[in-house]
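Okay, here's what each chain looks like letter by letter:
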Amino acid sequence: MTVVGAGPYGLSTAAHLKARNVPVRVLGEPMDSWRSRMPDGMFLKSTPFASSISDPAARHRFEDFRADQGQAWVGDRYAVPVAEFIRYGEWFQERCVPEVQRAAVVAIEYGPGGFRLSLDTGEVFTSRAVVLATGLSSYARVPSELGPLVGAGLASHSSDHADLAKFAGQRVAVIGAGQSALESAALLHEAGAEPVVVARTRRLVFGSPPEYDQSSDRALPHRLAEPGSALGPGWQLFAYSRAPAAFRHLPDTQRAYRVRTVLGPAGAWWLRERVGGRFPVLTGHTVWSAEQAGGCVRLRLRGPTEVLEADHVLAATGYRVDVERLDLLDKGLRRALRRTSEGAPRLFESFESSVPGLYLTGLAAVDTFGPVMRFVCGTAFAARRISRAVATGGL
Ligand SMILES: Cc1cc2nc3c(=O)[nH]c(=O)nc-3n(C[C@H](O)[C@H](O)[C@H](O)COP(=O)(O)OP(=O)(O)OC[C@H]3O[C@@H](n4cnc5c(N)ncnc54)[C@H](O)[C@@H]3O)c2cc1C
């Protein structure tokens, strides 16, 4: 068995496979997306409780890491700095999956004996089964109007940057209203850039600060009305976080709708004061065209402000799963993958795709198992399912 990717989902899956005595090879740079595709200075939106990577014995949770480092327990009111989460992921990897091989897979083909994987080291080998845990980056979505500007270096996706300080002194139009847009704008502002947020929504939404460090400390009537969950409070989020297996049985259109709408764009509670009144926010605006004007960009907007000029456009416009964008799979393999009308892979309850032996996890599984797959807290469900299926299938 080969696991491609050494982020939270790859590491967790490998740890669970090892516990079931499945020989596993793990490829990828550990926690690389968190280091190179998220901004320095970022904080996690998920709480410490919801930020644990699953290992079979539950001895390598975020709180275990902190205890191991001699740091006090922290609860829901603590925003986890990205640098701390990266150290946690590395700590998890060193203890649970020390054998990770820091190589990138450049191509996967299907042939006699299984999958043929080519690495950037020049090595080629065959594996009977593969778990693709390659994360979000292949699915980054930039609005088509901005496409030509990307080639000219005048627009980029938020996942293209770890260092937003390089925009100091520049006018940056940030497109989006979610956590990534609002936090990027705050970081840009704090680094001496001049961000302007362009948001489709009529108003910005922020979470409410938790009253307690543990959801279970709330009064019983509150807990009954709005139970706590890894995805946030409320029965709906409780169901999405506790019953991802049931999500798979909803009709296609329902699943697609819920994936698009549950947890709509919102900033974390601690972001409100770093955004409000600090820089312009154009709510109720959409971009309908973008052109190069001298060395900068002219955006034409639908909304009260019709034209906005900027030195750079940052599209914090999220991700859309589409198997066509998994270009590390050869064309034949991609063609063999059954998919939804939206282009997401159809997965069995074991996370196996329609190609026997090819498993997809993490964001790629969001259309099958729901919103929990977008977050680290989904690693427990995914890793257990995959490892059980592989171990009992005798691969
Ligand atoms: C700005 C931002 C903030 C976020 N905040 C949170 C949060 O607060 N809480 C939360 O739970 N989630 C958060 N997320 C979502 C988070 O990214 C995912 O939950 C998590 O990273 C998914 O883990 P993963 O292992 O699937 O993917 P990743 O963490 O992306 O890991 C994928 C790994 O695969 C490797 N890889 C890719 N291609 C190859 C290849 N060809 N060969 C070898 N290796 C490869 C990459 O280098 C990477 O190490 C955030 C995402 C973004 C973009």
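A.B. asks: When you look at the sheet that holds strand β14 (residues 312-315) in this model, what are you seeing that I'm missing?
C.D. replies: What links the strands of a sheet is backbone hydrogen bonding, and the strands pair in either a parallel or an antiparallel sense. Pairing is parallel in the open sheet, where five strands are placed in the order β7-β14-β8-β9-β10. Either end of the sheet is taken by a strand with one partner, and the two such strands are β7 (155-157) and β10 (281-283). With direction set aside, neighbouring strand axes in the sheet form an average angle of 20°. Bridge analysis of strand β8 (residues 171-175) against strand β9 (residues 194-199) gives five bridges, and the strand direction is parallel. Paired with Ala173 across the two strands is Val196, which belongs to β9.

A.B. asks: Explain the layout of surface pockets here, please?
C.D. replies: Where empty space is left becomes clear once a probe the size of a water molecule has been rolled over the atoms. Taken as a whole, the second largest pocket holds about 560 Å³ of empty space. Lining the second largest pocket are 22 residues, with Phe49, Ser52, Cys377, Ala380 and Arg384 positioned closest to its centre. Per element, the largest residue contribution to the lining of the second largest pocket is four residues, and it comes from helix α14 (residues 379-393). For the lining of the second largest pocket, the per-class residue count stands at 11 nonpolar, six polar and five charged.

A.B. asks: So what exactly am I meant to see when it comes to empty space enclosed by the protein here?
C.D. replies: Using the criterion set out here, one finds one cavity of 30 Å³ or more in the structure. Considered as a void within the structure, the largest cavity measures approximately 40 Å³ in volume. Taken together, Leu132, Thr134, Gly135, Tyr139, Leu326, Leu360, Thr361, Gly362, Leu363 and Ala364 make up the lining of the largest cavity. Per-class residue counts for the lining of the largest cavity are six nonpolar, four polar and no charged.

A.B. asks: When you look at the pattern of salt bridges in this model, what are you seeing that I'm missing?
C.D. replies: One side chain can pair with another of opposite charge once the charged atoms of both are near each other. Taken as a whole, this structure holds 21 salt bridges when the rule is applied. Here Glu63 and Arg61 are joined by a salt bridge, their closest N and O atoms 3.9 Å apart. The partly exposed category is assigned to Glu63, whose relative accessible area is 39%. Residue Arg61 is classed as partly exposed on the basis of its relative accessible area, which comes to 31%. The salt bridge involving Glu324 is made with Arg334; its shortest N-O contact spans 3.3 Å. Taken together, the positions of Glu324 in the loop between β14 and α12 (331-336) and Arg334 in helix α12 put the pair 10 residues apart, joining distant regions of the chain.

A.B. asks: Hey, could you run me through the packing of helix α1 (residues 8-19) against α14 in this one?
C.D. replies: If you want to describe how two helices pack, look at the angle between their axes and the distance between the axes. Running from N to C, α1 and α14 point in directions that differ by 40°, and their axes come no closer than 8 Å. Considering their axes alone, α1 and α14 lie oblique with respect to each other. Seen from above, α1 lies across α14 with right-handed handedness. Of the residues in α14, those in contact with Pro8, Tyr9, Ser12, Thr13, His16 and Leu17 of α1 are Thr379, Ala382, Ala383, Arg384, Ile386, Ser387 and Val390. Grouping the constituent residues of the contact of α1 with α14 by class yields seven nonpolar, five polar and one charged.

A.B. asks: Explanation requested: the domain arrangement of the protein chain in the structure shown.
C.D. replies: How big an interface is tends to be stated in terms of accessible area lost as the parts join. Here the protein chain is described as being made up of domain 1 (2-139 + 320-393) and domain 2 (144-206 + 266-315). Spacing between the C-alpha centres of domain 1 and domain 2 amounts to 30 Å. Contact with domain 1, which involves 13 residues of that partner, is made by 16 residues of domain 2. Summing the contributions of domain 1 and of domain 2, the shared interface buries around 1,000 Å²; its carbon and sulfur component is 53%. The interface formed by domain 1 and domain 2 contains zero salt bridges. Between the two partners, domain 1 and domain 2, sit four residue pairs in polar contact (both at pLDDT 80 or more). Residues of the side of domain 1 that touches domain 2, tallied by class, amount to six nonpolar, two polar and five charged.

Here is what the cut-offs are and how they apply
- Residues numbered from 1 in each chain as written.
- Predicted model: local features only at pLDDT ≥ 70, side-chain atom pairs only at ≥ 80, totals over all residues.
- Heavy atoms only, no water.
- Pairing = 2+ DSSP bridges.
- Helix = DSSP H or I, 4+ residues; strand = E, 2+ residues; numbered from the N terminus.
- Axes fitted to C-alpha atoms, helices over the stretch in contact; angles between N-to-C directions.
- 1 Å grid on protein atoms, 1.4 Å probe; cavity = no way out; pocket = protein on both sides within 12 Å on 5 of 7 lines; lining within 4 Å.
- Points joined across faces, edges and corners; volume = space filled by probe spheres on them.
- Nonpolar A, V, L, I, M, F, W, Y, C, P; charged D, E, K, R; others polar.
- Salt bridge = Lys/Arg side-chain N within 4 Å of Asp/Glu carboxyl O.
- Buried < 20%, exposed > 50% of the residue type's maximum accessible area, 1.4 Å probe, protein only.
- Parallel < 35°, antiparallel > 145°, perpendicular 65-115°, else oblique.
- Left-handed = near helix turned anticlockwise from the far one by under 90°.
- Contact = heavy atoms within 4.5 Å.
- Domains from an automatic or database assignment.
- Buried area = accessible area lost by both parts, 1.4 Å probe.
- Polar contact = N/O pair within 3.5 Å; in protein donor to acceptor, adjacent residues only side chain to side chain.

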